Amino acid sequence: MKIVAQIVFALLTLSMSTFALASKEGVLSLGSFQVSSASIGNSGPVTVSGEQNAQHLLSMNVSVFGRRVSLNQDQLAELRAGLFNGIQISYESGWKEVGGRTVYIVFSMGFTSGVQSTQIVSVNEQGIVKVSPAVSN
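What counts and how
Residues numbered from 1 in each chain as written. Predicted model: local features only at pLDDT ≥ 70, side-chain atom pairs only at ≥ 80, totals over all residues. Heavy atoms only, no water. Helix = DSSP H or I, 4+ residues; strand = E, 2+ residues; numbered from the N terminus. Buried < 20%, exposed > 50% of the residue type's maximum accessible area, 1.4 Å probe, protein only. Contact = heavy atoms within 4.5 Å. Pairing = 2+ DSSP bridges. Axes fitted to C-alpha atoms, helices over the stretch in contact; angles between N-to-C directions. Phe/Tyr/Trp six-rings, centres within 6.5 Å; stacked < 30°, edge-to-face > 60°.

How do you make sense of the environment of Val-106 when you look at a structure like this?
Secondary-structure assignment places Val-106 in strand β6 (residues 102–111). For Val-106 and Gln-88, which are 18 residues apart along the polypeptide, the C-alpha to C-alpha distance reads 5.2 Å.

Written out as structure tokens, the structure reads:
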């Protein structure tokens, strides 16, 4: 009976170690991207486009509120390029005293198991761009 228990234990240990050898999901980062929305509220049409490589966000443009805003090199450098594989956009009608209408672009890096990190870019109706620090979940 002791031998049977040892064999069962060995088989369980072996089967558990094969899970450790399973493949790992990797990030397929976006090389170029473009997302758009017809509008919500008074946002008007919104288009976000850009390009990145593994080290840098090379360009990013936001067309909203009847204007086209291009992020400058300092703003691009604040983004954690090369690692995001998801984008979502949202809109806030906002009070004029605190910036007014604003579009938020949420860059995310995640897997089927969930989102691992996010970073937000906001563009208000005056064309002012803010880049938040990356947040890991």
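Any chance you could explain the environment of Val-62 here in plain terms?
Assignment of secondary structure puts Val-62 in strand β3 (residues 57–64). A residue is classified by how much of its surface remains accessible, and Val-62, at 0% relative accessible area, is buried. Taking the C-alpha atoms as reference, Val-62 lies 9.3 Å from Ile-105; in sequence the two are 43 residues apart. The contacts of Val-62, once residues within four sequence positions are left out, are Thr-47, Val-48, Arg-67, Arg-68, Val-69, Ile-105 and Val-123.

Even after reading the chapter, I still don't get the sheet that holds strand β4 (residues 67–70), so can you show me in this structure?
In a beta sheet, neighbouring strands are held together by backbone hydrogen bonds and run either parallel or antiparallel to one another. Pairing is antiparallel across the open sheet formed by four strands, whose spatial order is β1-β2-β3-β4. Edge strands, defined here as strands with exactly one partner in the open sheet, are β1 (32–37) and β4. Neighbour-to-neighbour, the strand axes of the sheet open up by a mean angle of 10°, direction not taken into account. As judged from the six bridges shared by β1 and strand β2 (residues 46–52), these two strands associate in the antiparallel manner. When the sheet's bridge partners are listed, Ser-37 is paired in β2 with Val-46.

Sorry, what's going on with the packing of aromatic side chains here?
Two numbers describe a pair of aromatic rings. These are the distance of the centres and the angle of the planes. A full pass over the atoms with the stated rule returns four aromatic pairs. When the centroid spacing of 5.6 Å and the interplanar angle of 75° are considered together, the rings of Phe-33 and Phe-84 count as edge-to-face. Remark: Phe-84 occurs in the loop between α2 (73–78) and β5 (86–92) and Phe-33 occurs in strand β1; sequence separation between them is 51 residues. On the basis of relative accessibility, which here comes to 8%, the residue Phe-33 falls in the buried class. Assessed through its relative accessible area of 4%, Phe-84 is described here as buried. Ring geometry for Phe-33 against Phe-107: centres 5.9 Å apart, planes inclined by 75°, an arrangement best described as edge-to-face. Of this pair, Phe-33 sits in strand β1 while Phe-107 sits in strand β6, and the two are 74 residues apart along the sequence. An aromatic cluster is defined as three or more aromatic residues linked by ring pairs; in this entry it consists of Phe-33, Phe-84 and Phe-107.

I would appreciate a short explanation of the environment of Glu-78 in the present structure.
Of note, Glu-78 is situated in helix α2. Placed 21 residues apart in sequence, Glu-78 and Leu-57 show a C-alpha to C-alpha distance of 9.2 Å. The contacts of Glu-78, once residues within four sequence positions are left out, are Gln-119 and Val-131.

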